[in-house]
Amino acid sequence: MSAPMLMSERALRRDPRYWLARIHALPRPESGVLRIMNVCGGHERTITHAGLRQALPDYLHMIPGPGCPVCVCPEEDIHAAVALSLMDHVIVATFGDMVRVPCNAPKREPRSLQDAQARGGRVVPVASPADVLILARQNPEKKIVFFAAGFETTTAPIAALLSQPGLPDNLLLLLSARQTWPAIAHLLDSDEAGFDALIAPGHVATIMGADQWRFVAEKHALPTAVAGFTPELLLQAIHAVMAQAARNSPQLENCYPQCVTAEGNARAQCLMDAVFTIQDAPWRGIGVFAESGYACRPALAGHDARVHFPQVFNDAEARRGEMPAGCDCARVVLGRITPPQCRLYGRGCHPRNPVGPCMVSDEGACRIWWSSGAVTPTDRAMA
Amino acid sequence: MTNPVIGTATGHDEFITLAHGNGGRIMRRLIETVFVRHLGNPWLSPLSDAAILPNRLESDHDLVFTSDGVTVQPLFFPGGNIGSLAVHGTINDLAVSGAKPLYLSVNTFLEEGLPLAQLQQIIASMAEAARACDVHVVTGDTKVLPRGLCGGIYFGISGIGVRPRGLTLGSDQIQAGDAVLVSGPVGDHGIAVLLAREQFGLSGTLESDSASVLPLTQAVLDLPGLRFMRDPTRGGLATVLHEIALATGLGIQLMAEQIPIRGSVQSVCDMLGYDPLYLACEGRVVAIVAAREADEALRLWQDLPQGREARRIGTVVPDHRRVLIKNEWGGERTLQELEDDPLPRIC
Ligand code: SF4
Ligand code: SF4
């Protein structure tokens, strides 16, 4: 008798409607609204594409936070990558989205790697670190600069690449990798965090462990849940933080135990630790967050583009903080405003002609909202 | 950069060289041992400058003529290769126009260094696909391009077919209230090719849907309520629906749970951040049918092996020019036009 009951319970939990009903059954928060931040482009995509905002009670505000590694890649690194791609003996390899991310270059200079490519720069989009290895072996006479932005999930495979024996000498890394949690720590330490509960990123936690997010619940007393990526998994986590808020008992809840453990993937962490150190690092348009960036260890200096081309990086450094006029990406990334609240959204800034990275990357909040139909600055229907 | 598909060795027998395009003996041998061998028929085999075709045009029919350029990487993928894909693509363009395809022309652009064995295989599949649809390759041309210029091989292919005169098919026939049908799961080809590239370290048993849709289109051609057919290739289902919205000024309302998508396609999409509604199909038809005949059209499709998973996925609506998709729990979003080629997400 009990087995079929169990089955149906399990099947139920896979239905978004089950979780929506349970969410609607919870009491409205005393404060009136509950602002729930996510820090993962994958989460924001599901929330927006599955139309969860319309289906959830209106007192839940789902806020996209710093969840896109492309969006936070500092402008000076883009300047450097553009300059490198225009050097004779260099090929810049990078993940697709980075090719189109603009920086604030003067009119006649290339604004993005794509622009640089049109002027003879050598840029090759890659889908994985393994592609970079092939590229390096096929072009022994060139320096292959792998321009890699990413959070922990991307950093782990890059570490695996660098740990390979017999790494070709001509493979150099321009690393713009970041840890996710310091951005949230920064928000929580500021005067106004802007959110009341956190949905923690399932992919990051798969690698780094759920415990990385414990500080949100324990130090800052905000309901926190690690979530997977399908609508029902996200709804389950939303339900979890609401229930915590209703009970007034903030804690860290792992709602993605299918993939996430408390400690994460020890092997991946070990690999990363062997090749990278953690240091203070700039986030595009926002500033430097303590201990938020990965950098190559000295033993890897031979493969570190920053060591190899000091002049390029000195020049690029000078451009730090220069942002395109009117671009509100930093505030979008921090969840301070929704994408349509940027003055440029859908007007000057459009996927065909992006002003900021958030309109380029498929993980960027502006691009996600735009691609789901929030097309004009006045179109707040999605918020 | 050397092309990994092609390798570096040369040699007249095993690899295409520039000499294969020089118009002389080596070229003639290539044409005879590859093209005529597989594709040969009474019109092609004389290798004259132009094919003289018997008039297969019935009196109350019109000619339908289409042309296509075909590239794909990798050249071989589960469920087909560039040869069968080229034939299916052209046949399908004719088929969704309501035509029965008759003749094809094939221009082949070969890259120096392409293994001859691969060429044999590609042209053999091309011949097999054509035979299965009773169409003939009646004329063609071959050029060889220097290494690095064309990713192994590509085709310029044209097709002629006939269709009954007076057939009214087109976006101008579409009316609010019409039903939107799709003949089978979407996104199979896009994902099969993606997996064949092997760059994601993913593999699977998924095959491309590359096939002629002629049986599907012919099955519903006699329905007076049939308004429009299209094969959702590049840009996928969403792109076809956008074209309809744009051309008619009407909107499309889709029901998410009705759209057939294979579990394996969906899970690869979830992993890489793709949307299956924008991925190419090579053997599906989207049809717009008057609502009263939607069930009949579905039944006709579902009776065919290729159409078993056909579904009614939505409705043409009068009030907006968007393509909207609604799911079971009330979430709704607009499907925007595709901007750039979908890229795998970074993480
Ligand atoms: S790395 Fe994974 S967890 Fe992080 S933003 Fe990207 S999809 Fe989300
Ligand atoms: S609309 Fe453009 S400029 Fe504004 S925040 Fe988004 S990406 Fe940045």
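So, about the sheet that holds strand E5 (residues 136–145) of chain B. Residue and element names in this part refer to chain B. The four strands are arranged E1-E6-E4-E5 in an open sheet whose pairing can be described as mixed. Both outer strands of the open sheet, strand E1 (61–70) and E5, are each paired with one neighbouring strand and no more. The mean inter-strand angle of the sheet, taken between neighbouring strand axes irrespective of direction, is 10°. Of the pairings in the sheet, the one linking E1 to strand E6 (residues 153–164) comprises 10 bridges and is antiparallel in character. Bridging from a neighbouring strand, aspartate 62 pairs with arginine 163 of E6. Those strands touched by helix H1 (residues 25–39) are strand E4 (100–111) and E5, and its axis lies near 145° from that of E5.

To continue, consider the pattern of salt bridges. Residues and elements named next belong to chain A. Counting across every chain of the model gives 25 salt bridges over all chains. Ionic pairing is found between arginine 297 and aspartate 273, a salt bridge with its closest N-O pair at 3.4 Å. Taken together, the positions of arginine 297 in the loop between strand E11 (287–296) and helix H15 (305–308) and aspartate 273 in helix H14 (residues 266–275) put the pair 24 residues apart, joining distant regions of the chain. Residue aspartate 273 is classed as partly exposed on the basis of its relative accessible area of 49%.

Residue and element names in this part refer to chain B. Taken as a whole, chain B is organised into domain 1 (18–164) and domain 2 (171–334). Distance from the C-alpha centre of domain 1 to the C-alpha centre of domain 2: 28 Å. Listed per partner, the contact involves 20 residues of domain 1 and 22 residues of domain 2. Both sides together, the interface formed by domain 1 and domain 2 hides about 1,600 Å², and carbon and sulfur atoms give 62% of it. When residues of domain 1 are sorted by the area they lose upon contact with domain 2, Pro78, Asn92 and Val96 head the list and together hold 33% of the total. Here domain 1 is connected to domain 2 by zero salt bridges.

Moving on: the site of ligand 2. All names here are of chain A. Every residue lining ligand 2 is accounted for by Cys327, Asp328, Cys329, Val332, Cys342, Leu344, Tyr345, Cys349, Gly356, Cys358, Met359 and Cys366. In the shell around ligand 2, the residues fall into 10 nonpolar, one polar and one charged. Here the shell around ligand 2 spans two domains, and each of domain 1 (26–329) and domain 2 (330–372) adds at least three residues to it.

Attention shifts here to the interface of chain A and chain B. Each side of the interface is counted separately: chain A has 42 residues, and chain B has 24 residues. When chain A packs against chain B, close to 2,700 Å² is buried across both sides, 53% of that on carbon and sulfur atoms. Between the two partners, chain A and chain B, sit one salt bridge. For arginine 17 of chain A, the salt bridge goes to glutamate 328 of chain B, with nearest N and O atoms at 3.2 Å. Linking chain A to chain B there are seven residue pairs in polar contact (both at pLDDT 80 or more). Among the elements that line the side of chain A that touches chain B, the one with the most residues is helix H3 (residues 41–49) of chain A, at four residues. Classifying every residue of the side of chain A that touches chain B by side-chain character gives 15 nonpolar, 17 polar and 10 charged.

Another point: the sheet that holds strand E4 (residues 123–126) of chain A. Residues and elements named next belong to chain A. Reading across from one edge, E4-E3-E5-E6 is the order of the four strands in this open sheet, with parallel pairing throughout. Only two strands of the sheet have a single partner each, and these edge strands are E4 and strand E6 (171–177). Each adjacent strand pair in this sheet contributes to an overall mean axis angle of 25°, direction not counted. Each of strand E3 (90–95), E4, strand E5 (143–150) and E6 touches helix H8 (residues 129–138); the most contacted strand, E5, lies at about 170° to it.

All names here are of chain A. Turning to helix H16 (residues 310–317), its buried residues number three or more, namely Val312, Phe313 and Ala316. Seen end-on, H16 carries its buried residues on one side only, within an arc spanning 90°. Exposed and oriented more than 90 degrees from the buried face of H16 are Gln311 and Asn314. Buried residues belonging to H16 abut helix H6 (75–85), E6 and H15.

Basis of the calculations
Residues numbered from 1 in each chain as written. Chains lettered and ligands numbered in written order. Predicted model: local features only at pLDDT ≥ 70, side-chain atom pairs only at ≥ 80, totals over all residues. Heavy atoms only, no water. Pairing = 2+ DSSP bridges. Helix = DSSP H or I, 4+ residues; strand = E, 2+ residues; numbered from the N terminus. Axes fitted to C-alpha atoms, helices over the stretch in contact; angles between N-to-C directions. Contact = heavy atoms within 4.5 Å. Salt bridge = Lys/Arg side-chain N within 4 Å of Asp/Glu carboxyl O. Buried < 20%, exposed > 50% of the residue type's maximum accessible area, 1.4 Å probe, protein only. Domains from an automatic or database assignment. Buried area = accessible area lost by both parts, 1.4 Å probe. Near = heavy atom within 4 Å. Nonpolar A, V, L, I, M, F, W, Y, C, P; charged D, E, K, R; others polar. Polar contact = N/O pair within 3.5 Å; in protein donor to acceptor, adjacent residues only side chain to side chain. Arc of directions from axis to C-beta.

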